[in-house]
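Summary of structural features
Chain by chain, the residues:
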Amino acid sequence: MNDQLENGYDAVVVGGGAAGLNGALMLARARRSVAVLDSGAPRNAPASGVHGLLAREGMSPAELLERGRAEVRGYGGHVNTGEVTAVTRDGGGFRVELADGRGVHARRVLVTTGLVDELPDVAGVREQWGAGVVHCPYCHGWEARDRAIGVLASGPMAVHQALLFRQWSEDVTLFTHTTPSPGEEDAEKLAARGIRVVEGPVASLETADGRITGLRLADGTVVDREVVAVGTRMVARASFLETLGLRAREHPMGVGEYVPTDENGRTEVPGVWAAGNVTDLTAQVGASAASGAAAGAQINADLVNEDTRRAVAARRDAFSAESEARVGELVAGEGRHGL
């Protein structure tokens, strides 16, 4: 295995999660030189397993990534640990700078750095994150089935989240916490589904033997719960792109910040693509991997077009030079024969 960074690559992938590795796999199989630069801090590290991914159900995130890295390397791609701090224009491509002082040239860049979950400021939430505190019903709903679930409102999607988790349990309680009480229409929906609403701020989670036992309100009341669902504010890891003038924007649904792309993964900066959670805040592992693969294919197609333009230009230059040489030979021949 040789992951020593070279001076330049057809493509550099920033972020080594499912999206980044699948994008790199597509590029490596297209016989492109590709390097993956990963900071080693995957979003799903606290999770015990990956769910909803065909043929990989329940596999640990660490094992999934290790298999992905091996597959990329198997086709000649490089996978390196390193935090990217800046991306700048460099001739017709880009210069990717790392925190340790290293740098590498890339003809194209694929950004798959994912996002950071900003958790509600409630005592005990961070300690239980990925265990008793969850966020996605499709990732954790089965494991929380038939248990007492508390939905801690922390954003505009709280009612929607409570209604979703009701699919997995008949015992769901929505805690309004610091958000407004549900409006008349939402209150009717919650009541119709048997979802209790508890008003007032939540002070902390109650635990015993490492497990959640309830939520303590600011007034001291404790409501028994076994699982707590939160709606995190999801913020794309994209500050290193500011050197290109590319910044994360507020998501239209008010759930965080993302890097916008077109349907093919192109950002507003030519030559830079994005895939996975950095641009689709709610994408699960399978969707992130698929978007990475699609972006990798688009990058290869873009490089093919560039390679073809260069080849055409070189052919024309060669043809022009050959024609000039022939004309010169004819003129010289005419001079020798006195014509």
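Bear in mind the structure is a predicted one, so any value in this text is a computation, not a measurement. (Residues numbered from 1 in each chain as written. Predicted model: local features only at pLDDT ≥ 70, side-chain atom pairs only at ≥ 80, totals over all residues. Heavy atoms only, no water.)

**Regarding the overall build of the protein chain**
Secondary structure assignment for the protein chain yields seven helices and 19 strands. Relative to a compact globule of 339 residues, whose C-alpha radius of gyration would be 20 Å, the protein chain shows 27 Å and is clearly more extended. Taking the principal axes of its C-alpha atoms as reference, the protein chain extends roughly 110 × 45 × 35 Å. Out of the 339 residues belonging to the protein chain, those deemed buried represent 45%. For the protein chain, the accessible surface area stands at approximately 17,200 Å², while carbon and sulfur atoms represent 50% of it. Seen as two clouds, the 34 positive and the 45 negative side-chain charges of the protein chain have centres 6 Å apart. (Helix = DSSP H or I, 4+ residues; strand = E, 2+ residues; numbered from the N terminus. Rg over C-alpha atoms; globule rule 2.2 N^0.38 Å. Buried < 20%, exposed > 50% of the residue type's maximum accessible area, 1.4 Å probe, protein only. Areas by Shrake-Rupley, 256 points an atom, 1.4 Å probe, with all protein chains shown as cover. Lys, Arg positive; Asp, Glu negative; His and termini not counted. Charge placed at Lys NZ, Arg CZ, Asp CG, Glu CD.)

**Remarks on the domain arrangement of the protein chain**
Assigned domains within the protein chain: domain 1 (8–117 + 233–313) and domain 2 (120–230). On a C-alpha basis, the centroid separation for the pair domain 1 and domain 2 is 33 Å. Counting from both sides, the interface comprises nine residues of domain 1 and, opposite them, nine residues of domain 2. Taking both partners together, domain 1 and domain 2 bury about 740 Å²; carbon and sulfur atoms supply 61% of that area. When the buried surface of domain 1 facing domain 2 is broken down by residue, Pro46, His51 and Gln284 rank first, second and third, together holding 49% of it. On the surface where domain 1 and domain 2 come into contact, there are zero salt bridges. At the boundary of domain 1 with domain 2, the tally comes to zero residue pairs in polar contact (both at pLDDT 80 or more). Tallied by class, the residues present in the side of domain 1 that touches domain 2 amount to four nonpolar, three polar and two charged. (Domains from an automatic or database assignment. Contact = heavy atoms within 4.5 Å. Buried area = accessible area lost by both parts, 1.4 Å probe. Salt bridge = Lys/Arg side-chain N within 4 Å of Asp/Glu carboxyl O. Polar contact = N/O pair within 3.5 Å; in protein donor to acceptor, adjacent residues only side chain to side chain. Nonpolar A, V, L, I, M, F, W, Y, C, P; charged D, E, K, R; others polar.)

**Focus: the pattern of salt bridges**
One pass over the full model with this rule turns up 20 salt bridges. With its nearest N and O atoms 3.0 Å apart, the salt bridge here joins Glu250 to Arg233. Residue Glu250 is found in strand E17 (residues 249–250), and its partner Arg233 is found in strand E16 (residues 233–236); the two are separated by 17 residues along the sequence. For Glu250, a relative accessible area of 43% puts it in the partly exposed group.

**Here's the deal with the packing of aromatic side chains**
The tally for this structure, following the rule as stated, stands at one aromatic pair. Each ring, one from Tyr138 and one from Trp168, has its centre 5.7 Å from the other, and the planes form 85°; the classification is edge-to-face. A residue pair is termed long-range when its members are at least 10 positions apart, and Tyr138 in helix H4 (residues 137–140) and Trp168 in the loop between helix H5 (158–165) and strand E10 (172–175) qualify at 30 residues. Look at Trp168 and you get buried, because its relative accessible area is 19%. (Phe/Tyr/Trp six-rings, centres within 6.5 Å; stacked < 30°, edge-to-face > 60°.)

**Structural notes on the sheet that holds E17**
The four strands lie next to each other as E7-E16-E18-E17, forming an open sheet whose pairing is mixed. Single-partner strands in this sheet number two, and they are strand E7 (115–118) and E17. Across two bridges, E16 lies against strand E18 (residues 256–258) in parallel orientation. From the neighbouring strand, Val235 faces E18, where its bridge partner is Glu257. (Pairing = 2+ DSSP bridges.)

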